[in-house]
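# Fold and contact review
Here is what each chain is made of, one letter per residue.
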Amino acid sequence: MRVLCAFPEAMPSSNSRPPSCLAPVALFLALLLHLSLSSQAGDRRPLPVDRAPGLKEKTLILLDVSTKNPVRTVNENFLSLQLDPSIIHDGWLDFLSSKRLVTLARGLSPAFLRFGGKRTDFLQFQNLRNPAKSRGGLDIVRSDVALDKQKGCKIAQHPDVMLELQREKAAQMHLVLLKEQFSNTYSNLILTARSLDKLYNFADCSGLHLIFALNALRRNPNNSWNSSSALSLLKYSASKKYNISWELGNEPNNYRTMHGRAVNGSQLGKDYIQLKSLLQPIRIYSRASLYGPNIGRPRKNVIALLDGFMKVAGSTVDAVTWQHCYIDGRVVKVMDFLKTRLLDTLSDQIRKIQKVVNTYTPGKKIWLEGVVTTSAGGTNNLSDSYAAGFLWLNTLGMLANQGIDVVIRHSFFDHGYNHLVDQNFNPLPDYWLSLLYKRLIGPKVLAVHVAGLQRKPRPGRVIRDKLRIYAHCTNHHNHNYVRGSITLFIINLHRSRKKIKLAGTLRDKLVHQYLLQPYGQEGLKSKTQRYQCSGITQ
């Protein structure tokens, strides 16, 4: 069970100056999660709160929030999105103009849209005059495009039969993509000018800023970067006046495995400097943002690569980026999403990345690009279910609390099961969680004070917090709440219920509580959920 609550008018006196955040408090509560597992099949009523057989007696927790100064301020686009180049392979790129898909993406704006993934370094740009003929088929969206009068966007209404044929094609191609991923051998992808137009149209119409990851595996004999294809893409994008930020490569620590040729951090840094020199003479991109190096999990060899990169090009990039995957998708079980040990793996990675970055460029922004719950494309009925939301919500809270500027979710719409929207263009549970996060939670992070959870560690054991509480100033773009509002979200992974009593600044405030529950018979594996809103006086 997850709950959001909000308290109008939690403001201190008019003489004090809160960080423009404190009145309604929105609480994401992951309460009574074992009840979600044990609830009776077919019971679609809200899960009981007062009585829960088998659970221990609830503990009283006193909760307050410091409103004097935010401890962190993250990017306005903190929660952002990713699309994998595999959508070229399976044909979904031609359907990005779908009105429904664009509408769902608009709901998560403003945000960055990173176009990148495993196949980034096998992507070749070709400015073909007749892309339909080169594919040996018709342009499937050419006759279905209508004009969105508000933004001049190309929006399509695709017939159901066309979508059904595409789903069949994508299902067949999905098997090919999985085979490539497991064998670590990837085929080349051709991105035509028309395909780039469709990608940019989707980003622009959705209110997303496109970040394009260029192929870094095109190498000269001396192992320097071959920029010929990238330069062609840059010139075409500039001719269309596309507002794009740039990146080079994807997980360069895996190049030896994927291509048989390693690229060390120093060489990668030189490649980024080369890319910067390509951008500067192009007027529209002379001040374009550049991000990287998009390394994988920071093990010893990956940290060495990052160290070499930062020595050479730390000042060249606008933010340092890395990726994180929590679980091997081939062996994951539903309860894995609720393990505190797993939730805490991210915190250790953050510290490792921050240590290297602050050694060379103190204060440089750090982004988590391409976070996924499970590897290998995810796991059906798990990665795309209600259960995965515990991991996703904790990721958002932990990253903001530890000063990570942006997190990019892989993927908004894609093959596999880690996405926010499925191939029927229906939003999955993590989409609704992301939407509520966007609507309620602002970039200013507040300090939380908790009493009532004193625990003494046993010798040789680490205490892992099963009650996770995060606080932000409420999003000031949300006109339902006045400036000075606060949003709280809480995840309870204890076997017992916890009674939260609001103290100090939050005492005696009206609470707006938003409740998200799994819907239907599947429990934690549900792909749909109930939503309730209620007012509670504390």
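Residue numbers here run from 1 along each chain, matching the order of that chain's written sequence. Owing to the predicted nature of the model, reporting of local features is limited to residues with pLDDT of at least 70; listing and counting of side-chain atom pairs is limited to 80 or more, with chain, interface and lining totals taken over all residues. Only hydrogens and water are set aside when side-chain values are computed; all heavy atoms of the structure are taken into account.

## Quick notes on the state of the cysteines
Such a bond, covalent and formed between the sulfur atoms of two cysteines, is termed a disulfide. Any pair of cysteine sulfurs within 2.5 Å is marked as a disulfide. Going through the model one piece at a time under the given rule, you end up with one disulfide. Put simply, Cys 153 and Cys 205 are joined by a disulfide, and their sulfur atoms are 2.2 Å apart. Judged by the sign of its S-S torsion, about -125 degrees, the cystine formed by Cys 153 and Cys 205 is left-handed. Of this pair, Cys 153 sits in strand β9 (residues 153-156) while Cys 205 sits in helix α6 (residues 193-205), placing them 52 residues apart in sequence. By the criteria applied, helices consist of DSSP H or I runs no shorter than four residues and strands consist of E runs no shorter than two, each listed in order from the N terminus.

## Overview of the packing of helix α12 (residues 345-360) against helix α13 (residues 388-401)
Between α12 and α13, whose axes approach to 10 Å, the crossing angle comes to 30 degrees. Considering the angle they form, α12 stands roughly parallel to α13. Seen from above, α12 lies across α13 with right-handed handedness. Across the interface between the two elements, Leu 346, Ser 347 and Ile 350 from α12 touch Thr 395, Met 398 and Leu 399 from α13. For the contact of α12 with α13, the per-class residue count stands at four nonpolar, two polar and no charged. Between N-to-C directions, angles cover 0 to 180 degrees, with each direction set by a line fitted to C-alpha atoms, over the stretch in contact for helices. Any angle that is under 35 degrees is reported as roughly parallel, and any over 145 degrees as roughly antiparallel; angles of 65 to 115 degrees are reported as roughly perpendicular and all others as oblique. Left-handed describes a crossing in which the near helix is turned anticlockwise from the far one by less than a right angle; the clockwise case is right-handed. Residue contacts are counted whenever heavy atoms from the two residues lie within 4.5 Å of one another. Throughout, the ten residues Ala, Val, Leu, Ile, Met, Phe, Trp, Tyr, Cys and Pro are labelled nonpolar, Asp, Glu, Lys and Arg are labelled charged, and all others, Gly among them, are labelled polar.

## Section: the environment of Ile 491
Considering the arrangement of structural elements, one finds Ile 491 in strand β19 (residues 486-492). As a C-alpha pair, Ile 491 and Leu 467 span 24 residues in sequence and 5.7 Å in three-dimensional space.

## With respect to α13
A helix is expected to span 1.5 Å for every residue after the first. Taking 1.5 Å per residue as the helical rise, α13 with its 14 residues ought to reach 20 Å, and the 20 Å between its terminal C-alpha atoms agrees with that figure. Along α13, 13 of the 14 residues are buried, which leaves the element largely enclosed by surrounding structure. Where α13 terminates, the next one or two residues include Gly 403, which has phi positive at roughly 90 degrees. To sort residues, take the accessible area from a 1.4 Å probe on protein chains only and compare it with the maximum for the residue type: under 20% means buried, over 50% means exposed, and anything in between is partly exposed.

## Considerations on unusual backbone geometry
Put simply, Ser 109 and Pro 110 share a cis peptide bond, and its omega is 0 degrees. On the secondary structure map, Pro 110 appears in the loop between α3 (99-106) and β6 (111-115). Of the consecutive residues His 410 and Ser 411, the connecting peptide bond is found in the cis state with omega at 10 degrees. Here Glu 251, not a glycine, exhibits a phi torsion of approximately 45 degrees, which is positive. Even without being a glycine, Asp 508 presents a positive backbone phi close to 60 degrees. For Asp 508, a relative accessible area of 59% translates into the label exposed.

## Some details on the confidence of the model for the protein
Low pLDDT means the predicted coordinates in that region are not meant to be read closely. Looking at the protein as a whole, its pLDDT mean stands at 82, while 78% of the residues score no less than 70. Predicted confidence for residues 9-20 stays below pLDDT 50, and this span has 29 contacts to residues more than four positions away or in other chains. Summary of the metric used: pLDDT quantifies the predictor's per-residue confidence within the range 0 to 100. Predicted confidence is poor over residues 130-147, with pLDDT under 50, and the contacts of this stretch with residues over four places away or in other chains come to 27 contacts.

## So, empty space enclosed by the protein
In this approach, a probe sized like a water molecule rolls over the atoms, and the result shows the empty space that is left. Within this scheme a cavity is a closed region of a 1 Å grid, computed over the protein atoms alone, that accommodates a 1.4 Å probe without allowing it to escape, whereas a pocket is open but has protein on both sides within 12 Å along at least five of seven lines; lining residues each have an atom within 4 Å of a point. Grid points are joined across faces, edges and corners, and a volume is the space filled by probe spheres set on the points. Per the stated rule, a full pass over the model turns up one cavity of 30 Å³ or more. Looking at the largest cavity, its volume works out to about 90 Å³. Residue lining of the largest cavity: 15 residues in total, with Leu 123, Leu 214, Asn 215, Ser 229 and Ala 230 positioned closest to the centre. Within the residue set of the lining of the largest cavity, elements represented by two or more residues are β7 (123-126), β11 (208-214) and α7 (228-239). Broken down by class, the residue content of the lining of the largest cavity amounts to nine nonpolar, five polar and one charged.

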